[in-house]
Each structure stands twice: as C-alpha cells, then as structure tokens.
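# Residue-level structure breakdown
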Amino acid sequence: MKSDVLIIGSGPAGYTASIYAARAGRKTKLIAGPQQGGQLMITSFIENYPGFVDPISGPELMDRMREQAEKIGAEIVQDVICDVDFSTNPFKCVGESEIVYESKSVIVATGASSKWLGIPGETKYRGTGVSACATCDGFFFRNKEIAVVGGGNTALEEAIYLTNFAKSVTLIHRRDTLRGEKVMQKRLLENPKIKVVWNTTVADILGDGNRVTAIQLLNVSDNSVSEMPIDGVFIAIGHQPATSVFVGKIDMDANGYIITKDGTKTSVAGVFAAGDVCDPTYRQAITSAGQGCMAGIDSDKFLSVNY
C-alpha cells in the first residue's frame, strides 16, 4: 500500500490535508483511525464554523469533508495505525489490519481527546448538558446555571469565559486551593458570577432522560453527599493527545503533544503534524482545518524538492 502522502487521522485536520494533497496531484491515502471523523462525531451542533448560517451537526460536517476529499481523489482507508517506522524514507506505518503502508511523506492528524471523569451520567448526557469545550458549547447555555469541574488553567479559563453566557458558574474543585496561574485565580475569585465549591468531586450527573438537571456532589473532607440543580456541566481536567504510537519516533513536549516548527514540520523531515495533536491551545475545528491545509501544502513542497 504505497502513497505519496499518508495522512493518519480523519478529523478536520486530516480531511483538509487530504483535500490539499490530492488537489496537488499527489497519491493520497488517509487512514481513518478508531473514530472516523474524530471528536466532532460527538458534537451535536456547530455554530462557529464559517460558511454555515444555520448550525450544522458535527457528523454532518465531517461527512461533507469526507465526501469532498474522496471526490477530489483521496483514498479513505478504514484502519488504525499501531506502529510506525520513521527512520528511513519511504516511511512505514503498520495498521491493525497488519497492512504495511509505505509513503514518501506522512501527516499526523490523530487529534486529542478530552479527559473525562468516568462517572455515571457523563456519557449519557454528553452533548445534552455535558461538554468539554466552553468555546464550542458555551453559547447554548445563555442565562443558565453551569458547573465547571477542575482547578487548573483550563478550568479557570473556561469558567471565566462561560460567564459571558451563563447566569452563574460554579467551579467544583477536589482540593482547597486552585492549581491555575495566580493572575487567573485572582480574576476568577473576583468575578461576581463565579462561586467555588472546595474539597468536592462530582459523583454523578443526573438528568430527566433528555438533558442534565443536577449533579451529585461528594465532599472529600467529610464524605457528605448533596445534589446541586444545574443546567450544564463542563469537564475541564485536561486533554490527552493521541500520540502514544509516535513515542520515540518524533519529538514531543512533556504533555505528549507533537512539536512543530516552520509551519507543520516535525523533527523528522517529511513527517508533518496538524490539528489538536500538536495544538494544546485552540483545539477548534477551524484551526485544525487551517493546519491541515498547511500540512498538505508543506508535504507537497517536501515532495517537490526531494522526489
């Protein structure tokens, strides 16, 4: 299974990269991965992707990107890459199918996933009151009561951001001190729309079968249990980039995100990265698509120079 450009991952970054690579006349294969379409497949409505006046669902947006990529000439392969060899070119990537994919260039677009609490109700109400992205879903909670779970910079930033929409925001933290930057802590604690519940974890997320209605809280100091009526819960305990298969093969930061420079170039010439797999800051469909565009162009330039 040989190609000019092998793209690993099928979110906005991967599909956009495949569109640009295929349009450049390169033989392009995209390995879809464990969840074709990526994280947006569990996103109910998207209102901030340019070009859509009315909200579009995540699955529909991903279906349109896939259809466009295939129409232009990219080949979509249903497989999961479980090992890679970037020591020599052509690069070799091995699928769970045991197929070995050889390619002159590789674009890693495997994304990142939100860390979840792993509690009852969390999966059931994901997309109907449970979210891990304030920027994506905050708009849907105008004048609502919202809870944010976490105590680091991500949680503080999301709690502050959500005050632009919510009637009130309750930050729930399992410790008695916050872990975020001092300036962020000060901004949060001084915000009149935010209150903090200390030494507490969320034990369960409750609902009426359709939407979230309350959360069950456990005080870790005295083990007391209580319920808090709430309209939405934002889990803000971090993200995990899908990079385990690339450990030792390309340079990453301490959190496992692929390090890029000069656009989308990694530490291995001919291997590029795009989207959430190398972006711990923005994590948006539009920024991932933009980086996918860059990776498609960068791979074409690499091939033009070296082949």
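All values reported here derive from a predicted model rather than from experimental measurement.

## So, the pairing of strand S13 (residues 212–219)
Relative to S13, strand S12 (residues 200–207) runs antiparallel, the two sharing seven bridges. Within S13, the residue paired with glycine 207 across the bridge is valine 212. Connecting S12 to the next strand, S13, in antiparallel fashion are four residues, including glycine 209 with a positive phi near 100 degrees. Connecting S13 to the next strand, strand S14 (residues 225–229), in antiparallel fashion are five residues, including asparagine 223 with a positive phi near 65 degrees.

## Here we look at the pairing of strand S5 (residues 91–95)
Residues of S5 alternate between two faces, with Phe91, Cys93 and Gly95 buried on one and Lys92 and Val94 left unburied on the opposite face. Looking at chain direction, strand S4 (residues 81–85) and S5 are connected through four bridges and run antiparallel. Along S5, the bridge assignment pairs aspartate 85 with lysine 92. Hairpin remark: S4 followed by S5, antiparallel, with five residues in the connecting loop. The pairing of S5 with strand S6 (residues 100–108) spans four bridges and is classified as antiparallel. Residue cysteine 93 lies in a different strand from S6, and its bridge partner there is tyrosine 101. The loop that links S5 with its antiparallel partner S6 comprises four residues; one of these, glutamate 98, has a positive phi angle of about 75 degrees.

## Describing the packing of aromatic side chains
For the structure on display, the rule yields eight aromatic pairs. With a centroid separation of 5.5 Å and an interplanar angle of 80 degrees, the aromatic rings of phenylalanine 86 and phenylalanine 91 are classed as edge-to-face. Exposure remark for phenylalanine 86: the relative accessible area of 7% places this residue in the buried category. The class of phenylalanine 91 is buried, set by a relative accessible area of 3%. Between the aromatic rings of phenylalanine 141 and phenylalanine 234, the centroid separation amounts to 5.3 Å while the plane-to-plane angle is 70 degrees, which identifies the pairing as edge-to-face. Residue phenylalanine 141 is located in the loop between helix H3 (134–137) and strand S9 (145–149), and its partner phenylalanine 234 is located in strand S15 (residues 232–235); the two are separated by 93 residues in the primary sequence. Comparing phenylalanine 141 with phenylalanine 234, the two get one shared label, buried.

## Some thoughts on the nonpolar core
Membership of the largest hydrophobic core comes to 29 residues, with the highest contact counts inside it found for Tyr15, Tyr49, Leu61 and Ile107. For this core, the secondary-structure elements that each account for two or more residues are strand S1 (2–8), helix H1 (12–23), helix H2 (58–72) and helix H6 (285–306).

## With respect to the state of the cysteines
The full count for this structure, using the stated rule, is one disulfide. In this model cysteine 133 forms its disulfide with cysteine 136; the gap between the sulfur atoms is 2.2 Å. Across the S-S bond linking cysteine 133 and cysteine 136, the dihedral sits near 70 degrees, which makes this disulfide right-handed. Just so you know, cysteine 293 is unpaired, no disulfide at all, and the nearest cysteine sulfur is the one on cysteine 278, 14 Å from it. For cysteine 293, a relative accessible area of 18% gives the class buried.

## With respect to the side chain of serine 131
Mapped onto the elements of the fold, serine 131 is located in strand S8 (residues 130–131). Looking at serine 131, its side chain comes within polar contact range of the main-chain nitrogen of cysteine 133, at 3.0 Å. A distance of 2.6 Å separates a polar atom in the side chain of serine 131 from a polar atom in the side chain of aspartate 137. Excluding residues within four positions of it along the chain, serine 131 makes contact with Trp116, Asp137, Val233, Phe234 and Ile235.

Parameters and conventions
Residues numbered from 1 in each chain as written. Predicted model: local features only at pLDDT ≥ 70, side-chain atom pairs only at ≥ 80, totals over all residues. Heavy atoms only, no water. Pairing = 2+ DSSP bridges. Helix = DSSP H or I, 4+ residues; strand = E, 2+ residues; numbered from the N terminus. Buried < 20%, exposed > 50% of the residue type's maximum accessible area, 1.4 Å probe, protein only. Phe/Tyr/Trp six-rings, centres within 6.5 Å; stacked < 30°, edge-to-face > 60°. Core = buried A, V, L, I, M, F, W, Y, C linked by side-chain atoms within 4.5 Å. Disulfide = S-S within 2.5 Å. Polar contact = N/O pair within 3.5 Å; in protein donor to acceptor, adjacent residues only side chain to side chain. Contact = heavy atoms within 4.5 Å.

None of the figures reported here should be taken as evidence of function without further support.
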